[in-house]
Amino acid sequence: MEGGANEREIANGLVEKLHEAIKTSSVSSTTIDRMSDKAAEFGLSVDECRCDDQKKAAEKIVNDIQEQSDYKKQQLPLQGDNWKKLSQLQKEECRLKNCGDLGVEEYKCQLQEKEKQIKQEQRKCKLSEGMKTFIENLSTNDKKKRFFFLKWMKLKLDTKSRSKLSVLHNSFKQASKKRDAKQIAELNEMMLNSSLGTEHYMREMGLIYEFSFDSQERTASTSHLPGLAAEMLLDGYPLELLDGAASNIPQRWVTDVLMELYKKVGERSRLLVLTVLGVQSSGKSTLLNTMFGVQFPVSSGRCTRGAYMVFLPVGQDLKQELNYDFVVLIDTEGLKSPDLAQLEDRYEHDNQLATFVIGLSDVTIINIAMENATEMKDVLQITAHAFLRMKQIGKKPVCHFVHQNVAGVSAHSKCMTERQHLLDQLNEMTQIAAEMERQSSIKAFTDVLDYDIEKNNWNIPGLWHGTPPMAPVNTGYSEAVADFKKNLLESMKSDGGNDPAQIPQFLEGVKSLWKAVKYENFIFSFRNTLVAHAYNNLCKDFTQWEWEFRKEILSWQTEAEHLNQKC
């Protein structure tokens, strides 16, 4: 290679030399899987050699998957259509939107009868071989074996999903070009059903316990499951708090798991609950992973569904200063998802999720991609409105705005006008909400959520230094996130007078908040407070018009009857 060659020429030259070496080499090619045997021969330590049983168990489960789109229905039946129907019936029993001409009690009895039938059908479902193998391998007392099994499960399932999803994505592209709406909808459903991960097996395990409570012969075989999930929580594995597919919480399962955790930590469980909210693909999971070293799944598109929580134990050196034993991280699915844009209840879904997780949290991080925060304005309005109705919970969460992909040195000062405009709008809408709820003491958004325009706004540069996939990670991203984390913990230290919730209080909050969300039949259906206020005024005017019309008709009828009598 000549001395004056540039980087591209050097790289091309290296590639050519490697090609020549491979062609002339007498060594036969092999796969990475087969290299483990060679590595062991040379005396290298190979994880696969220590977890052969776990690898075989994971392969057995995955090899039984013939058609992925039907596998969930056959092997994971409890999280299918019946679970979604049951979730809808429970909400309808609280809201009674489709009562029609039936009496309230009669309609409630019909709903309860349907719920009873669905629960009976769920209890009849037999434990599949795949779930038996999954639970058996998780039930080991050896944490390393459990770790290896879950790792192998993830690798094998991801490999299986990729091969299936790549074909479906190509079909979806062709259908999009033809604009075949029916085929597009079918392919969307197939892609959803073909997405299979360890979280689906964990969800099925929770529902097995949830529906086994009223079945005595199955209670004995499932009684150890909450303790198993509690151990996994302590080991850093996430627990699904809110099922995003059915928009429901298996309350008995979540309660028993966290109470088992409460016992295992000696009833010392002061919690700092931190939640991140934002639109889809804005980097919420990546932010939490970078801040706390956890491993929430990250991807483009609608990666996280529902809400997952992770318990992080606080080190001994920080326990006294922070006054907490655990930091609970809640990662949520992206709001304003394009997948849900065509649904009638898209506002209801986002508003319910936001209100629920903010109500549970001590600190809420509103994650914004780029500098514009107005896209979260509607959700925050509804959240503030909902908190006015649930003022009895006595909680005022701290709210931080994190603006991602903002690298300008002067961005914080230059965007001050925009942030002030956003706060003015939120204050105005909060006053309207307070007027609707007859709470004259509420004058501003900061009366509902603790937010300071100077201290609670953070600008973070982009994650990648260039264009992925070959781009290196931007060190400025990690530095900005670390600075944000440091200031966040410092503010928690200074708040020494707080009384942190223990796990029982946290569970009571989950129960009461979810009950409030299920019973809410008005405000969540609207895009923002302004639309809700307009609808409320329209209803008042319509009622007044209806009354005046009835009065006019009654007067005319009475006058006509008098005339007839005279005649």
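Preceding block: the structure.
Here goes a summary of the coordinates provided. From a predicted model like this one, the values you see are computed outputs, not experimental measurements. Per-chain numbering applies: the sequence of each chain, read as written, is numbered from 1 onward. In keeping with the model being predicted, local features are shown solely for residues with a pLDDT of at least 70 and side-chain atom pairs are shown and tallied solely at 80 or more, while totals for entire chains, interfaces and linings include all residues. Note that the side-chain values use all heavy atoms of the structure and ignore hydrogens as well as water.

### As for the environment of Gln 117
Spelled out, the test is: Numbered from the N terminus, helices here are DSSP runs of H or I no shorter than four residues, and strands are runs of E no shorter than two. For the exposure calls, accessible area comes from a 1.4 Å probe over protein chains only, and a residue counts as buried if that area is under 20% of its type's maximum, exposed if over 50%, partly exposed in between.
In this fold, Gln 117 is placed in helix H7 (residues 104-124). Judged by its relative accessible area of 40%, Gln 117 falls in the partly exposed class. Each C-alpha atom of the pair Gln 117 and Asn 82 lies 9.9 Å from the other, and the pair is 35 residues apart in sequence.

### Let's talk about the side chain of Ser 269
Relative to the helices and strands, Ser 269 resides in the loop between helix H14 (251-264) and strand E2 (271-278). When its relative accessible area of 0% is taken as the criterion, Ser 269 is described as buried.

### Comments concerning the pattern of salt bridges
Test applied: By convention in these notes, a salt bridge is any Lys or Arg side-chain nitrogen within 4 Å of a carboxyl oxygen on Asp or Glu.
For the structure on display, the rule yields 12 salt bridges. A salt bridge links Glu 129 to Lys 132; the nearest nitrogen and oxygen atoms lie 3.7 Å apart. Here the residue Glu 129 and the residue Lys 132 both occupy positions in helix H8 (residues 129-138), the gap between them amounting to three residues, near one helical turn. With a relative accessible area of 34%, Lys 132 lands in the partly exposed category. Across the salt bridge formed by Glu 231 and Lys 264, the nearest N and O atoms sit 3.7 Å from each other. One end of the pair, Glu 231, is in helix H13 (residues 225-234); the other, Lys 264, is in helix H14, with 33 residues separating them in the sequence. The class of Glu 231 is partly exposed, set by a relative accessible area of 27%. Connected through salt bridges with shared partners, the residues Lys 143, Arg 146, Glu 231, Asp 235 and Lys 264 form a single ionic network.

### Digging into the sheet that holds strand E5 (residues 363-369)
Put simply, the rule is: A pair of strands counts as paired when DSSP detects no fewer than two bridges linking them. A fitted line through C-alpha atoms serves as each axis, taken over the contacting stretch for helices, and the angle formed by two N-to-C directions is quoted from 0 to 180°. Residue contacts are counted whenever heavy atoms from the two residues lie within 4.5 Å of one another.
In space, the seven strands of this open sheet follow the order E1-E3-E4-E2-E5-E6-E7, with mixed pairing throughout. Strands with a single pairing partner mark the edges of an open sheet, and in this sheet they are strand E1 (239-243) and strand E7 (457-460). Between one strand axis and the next, the sheet turns by 20° as a mean value, whatever way the strands run. Contacts from helix H15 (residues 284-292) reach E2, strand E3 (306-313), strand E4 (326-332), E5, strand E6 (398-404) and E7, with the element oriented near 160° to E4.

### Considerations on the packing of aromatic side chains
For clarity, the cut-off: Two aromatic rings, drawn from Phe, Tyr or Trp (for Trp, its six-membered ring), form a pair once their centres lie within 6.5 Å of each other, and the interplanar angle then sorts them: stacked below 30 degrees, edge-to-face above 60, tilted otherwise.
Counted under the stated rule, the structure contains nine aromatic pairs. With 6.0 Å between their ring centres and 90° between their planes, Trp 83 and Phe 211 make a pair best called edge-to-face. With Trp 83 in helix H6 (residues 81-95) and Phe 211 in helix H11 (residues 198-212), the pair connects residues that are 128 residues apart, well separated along the chain. Linked through ring pairs, Phe 134, Phe 149 and Tyr 201 together constitute an aromatic cluster.

### A short note on the nonpolar core
Formally: Residues belong to a common nonpolar core when they are buried Ala, Val, Leu, Ile, Met, Phe, Trp, Tyr or Cys residues joined through side-chain atoms within 4.5 Å.
By size, the foremost hydrophobic cluster in this structure holds 97 residues, and its most contacted members are Phe 134, Tyr 201, Leu 258, Met 309, Phe 311 and Phe 356. Leu 258 has contacts with Leu 233, Leu 239, Met 309, Phe 311, Ile 503, Phe 506 and Leu 507, leaving out every residue within four places of it along the chain.

### What to know about unusual backbone geometry
For Ser 247, which is not glycine, the phi torsion reads 55° and is therefore positive. Residue placement: Ser 247 occurs in the loop between E1 and H14. For Ser 247, a relative accessible area of 15% translates into the label buried.

### Overview of a nonpolar patch on the surface
Operational definition: Patch definition: residues above 30% relative accessible area lacking any salt bridge, with like charges linked at up to 9 Å and the nonpolar side chains Val, Leu, Ile, Met, Phe, Trp and Tyr linked at up to 5 Å. Here the open area of atoms and residues is found with the Shrake-Rupley method and a 1.4 Å probe, where only the protein chains shown may cover a residue.
On the surface, Leu 538, Phe 542 and Trp 545 cluster together into a nonpolar patch covering about 360 Å² of accessible area. Along the chain, Leu 538 falls in helix H23 (residues 529-566). Overall, Leu 538 belongs to the partly exposed group, its relative accessible area being 47%.

### Description of the packing of helix H4 (residues 52-63) against H8
Quick reminder of the rule: Here the word oblique covers every angle except those under 35 degrees (roughly parallel), over 145 (roughly antiparallel) and from 65 to 115 (roughly perpendicular). For any pair of crossing helices, the crossing counts as left-handed if the nearer helix is rotated counterclockwise from the farther one by less than a right angle, and right-handed if it is rotated clockwise.
At a minimum axis separation of 9 Å, H4 and H8 run at an interaxial angle of 160°. When the interaxial angle is binned, H4 and H8 end up roughly antiparallel. Judged by the sense of rotation from one axis to the other, the crossing of H4 with H8 is left-handed. Mapping the contact onto sequence places Ala 57, Lys 60 and Ile 61 in H4 and Gly 130, Thr 133, Phe 134 and Asn 137 in H8.

### Focus on H13
Counting buried residues in H13 gives eight out of 10 residues, a clear majority hidden from the surface. Within H13, the full set of buried residues consists of Leu 225, Pro 226, Gly 227, Leu 228, Ala 229, Ala 230, Met 232 and Leu 233. The first or second residue beyond H13 is Gly 236, which carries a positive phi of 100°.

### Quick word on the packing of H13 against H14
Between two packed helices, both the angle of their axes relative to each other and the distance between the axes serve to describe the pair. Threshold: For this classification, Asp, Glu, Lys and Arg are treated as charged, while Ala, Val, Leu, Ile, Met, Phe, Trp, Tyr, Cys and Pro are nonpolar and the rest, including Gly, are polar.
Running from N to C, H13 and H14 point in directions that differ by 65°, and their axes come no closer than 8 Å. As H13 runs across H14, the sense of the crossing is right-handed. Residue-level contacts link Leu 225, Pro 226, Gly 227, Ala 229, Ala 230, Glu 231, Leu 233 and Leu 234 of H13 to Trp 253, Asp 256, Val 257, Leu 258, Glu 260, Leu 261 and Lys 264 of H14. Of the residues contributing to the contact of H13 with H14, the split by class is 10 nonpolar, one polar and four charged.

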